[in-house]
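# Structural description and commentary
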Amino acid sequence: MKKLFTLCAAFSIISVCFSQTNTDSTLTTKPKVEEDTIRIGGMIIIRKKGSREEAKKEDDYQIKNRKNSEKPSNLTTNWWIFDFGFSNYTDNSLYSSVATQAYAPGANASWLQLRDGKSRNVNVWFFMQKLNIAKQVLNFKYGLGLELNNFRFKQPIRFNENNTPIANPPILTYDATPNRSYSKNKLAADYLTVPVLLNVNFTPRRESGFGFSTGVSLGYLYSSRNKFKNTDEGKEKVKGDFDLNKWKFSYIAELSLGSVRFYGSYAPKSMFQRGLDIKPYNVGFRFSNW
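Residues numbered from 1 in each chain as written. Predicted model: local features only at pLDDT ≥ 70, side-chain atom pairs only at ≥ 80, totals over all residues. Heavy atoms only, no water.

### Some points on the nonpolar core
- If you look at the biggest cluster of nonpolar residues, it comprises 27 residues, and the most contacted ones within it are Tyr-103, Leu-112, Phe-153, Phe-159, Leu-172 and Phe-272.
- Put simply, the parts of the chain that give this core at least two residues each are strand E6 (157-159), strand E8 (182-201) and strand E9 (210-230).
- Every residue in contact with Tyr-103, bar those within four places of it in the chain, is listed here: Phe-159, Pro-170, Ile-171, Leu-172, Phe-242, Asp-243, Phe-272, Arg-274, Gly-275 and Leu-276. (Core = buried A, V, L, I, M, F, W, Y, C linked by side-chain atoms within 4.5 Å. Buried < 20%, exposed > 50% of the residue type's maximum accessible area, 1.4 Å probe, protein only. Helix = DSSP H or I, 4+ residues; strand = E, 2+ residues; numbered from the N terminus. Contact = heavy atoms within 4.5 Å.)

Given below as structure tokens:
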């Protein structure tokens, strides 16, 4: 009986010790933690998974497209815009009138016919700025630049300098020299111009948007010259104002179709002060950021 009691007591002590050891092991052992690893370029994001309660406490982080989420600036500037197009004009001159014949004796409608594909317009805008008016959709645009126009003629006409003491001398003449042919004959008229436009942008959040602009421009004639090349004289250049108007007022427009842009201009007043009623216009492609 004494041996049985001793055996039971020993068994009880061993059971208690085993139970205590197991409990301590349960408390001190950490569960295995699973991890998610995401690699973005040179950046590594590690997210540790926990229990459901811990997951609720975790913060969510989102990487947004900053370019699309940022609000566009109310004033943006575009530097060095280039236009390439074609120059032409409408000729409403009354060649039988005294004023026209005084400017160009013997002139007729064929004198000022242009080589359409070779009469070109190049514009260089130093800058253009766009000012937000309403939600980036309606904007005010303005800038400063140079308009360079080259009118290439089919006929051997020549513009002469107005350097005689006679009031309103003839300016335009026809070169009828026998056996002399012209391979080049153009009138160049260059203006320092300020454009002012109202812009409508249908897609203000896009870099290459869709929209249009309309407005007016005012240009000052700072250079004009007649350049020609013929078989007898070679290359010649005659500088002068040729009674051209010093100021040029034009209606202007711009069309944006994504990354492709078009421009156009039309002057409702003759480019000459007297004699000729010629109203120039230009159309072409515009290379700009917006």
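### Notes on the pairing of strand E3 (residues 75-91)
- Judged from the 11 bridges that link them, E3 and strand E4 (residues 120-134) form a sheet pairing that is antiparallel. If you follow Thr-77 over to E4, its bridge partner there is Gln-129. (Pairing = 2+ DSSP bridges.)

### Some points on the confidence of the model for the protein chain
- Overall, the prediction assigns the protein chain a mean pLDDT of 84, with 74% of residues at 70 or greater.
- This stretch, residues 63-69, has a pLDDT under 50; its non-local contacts, to residues over four places away or in other chains, come to five contacts. (pLDDT = per-residue confidence, 0-100.)

### Some details on unusual backbone geometry
- Within the chain, Phe-242 stands out as a residue other than glycine whose phi angle is a positive 55°.
- Within the fold, Phe-242 resides in the loop between strand E10 (234-239) and strand E11 (247-257).
- Its relative accessible area of 1% is what places Phe-242 among the buried residues.
- Positioned with a positive phi, Asp-243 is a non-glycine residue whose angle comes to about 60°.
- One can find Asp-243 in the loop between E10 and E11.
- Judged by its relative accessible area of 9%, Asp-243 falls in the buried class.

### Here we look at the packing of aromatic side chains
- Inspection of every chain in the model, using the stated rule, returns 15 aromatic pairs.
- An angle of 55° between the planes, with centres 6.1 Å apart, marks the rings of Trp-79 and Phe-127 as tilted. Highlighted residues: Trp-79 in strand E3 and Phe-127 in strand E4, separated in sequence by 48 residues.
- Taking the relative accessible area as the measure of exposure, Phe-127 reaches 22% and is therefore partly exposed.
- Both rings, one in Trp-80 and one in Phe-126, keep their centres 5.7 Å apart while their planes meet at 80°; by these two values the pair is edge-to-face. Residue Trp-80 is found in strand E3, and its partner Phe-126 is found in strand E4; the two are separated by 46 residues along the sequence.
- Judged by its relative accessible area of 27%, Phe-126 falls in the partly exposed class.
- Three or more aromatic residues joined by ring pairs make a cluster, and in this case those are Tyr-103, Phe-153, Phe-159, Phe-242 and Phe-272.
- Here the guanidinium or amino end of Lys-130 rests over the ring plane of Trp-290, the centre of that ring lying 4.8 Å away.
- Looking at Lys-248, its charged tip hangs above the ring of Tyr-191, at a distance of 5.0 Å from the centre. (Phe/Tyr/Trp six-rings, centres within 6.5 Å; stacked < 30°, edge-to-face > 60°. Lys NZ or Arg CZ within 6 Å of the ring centre and 35° of its normal.)

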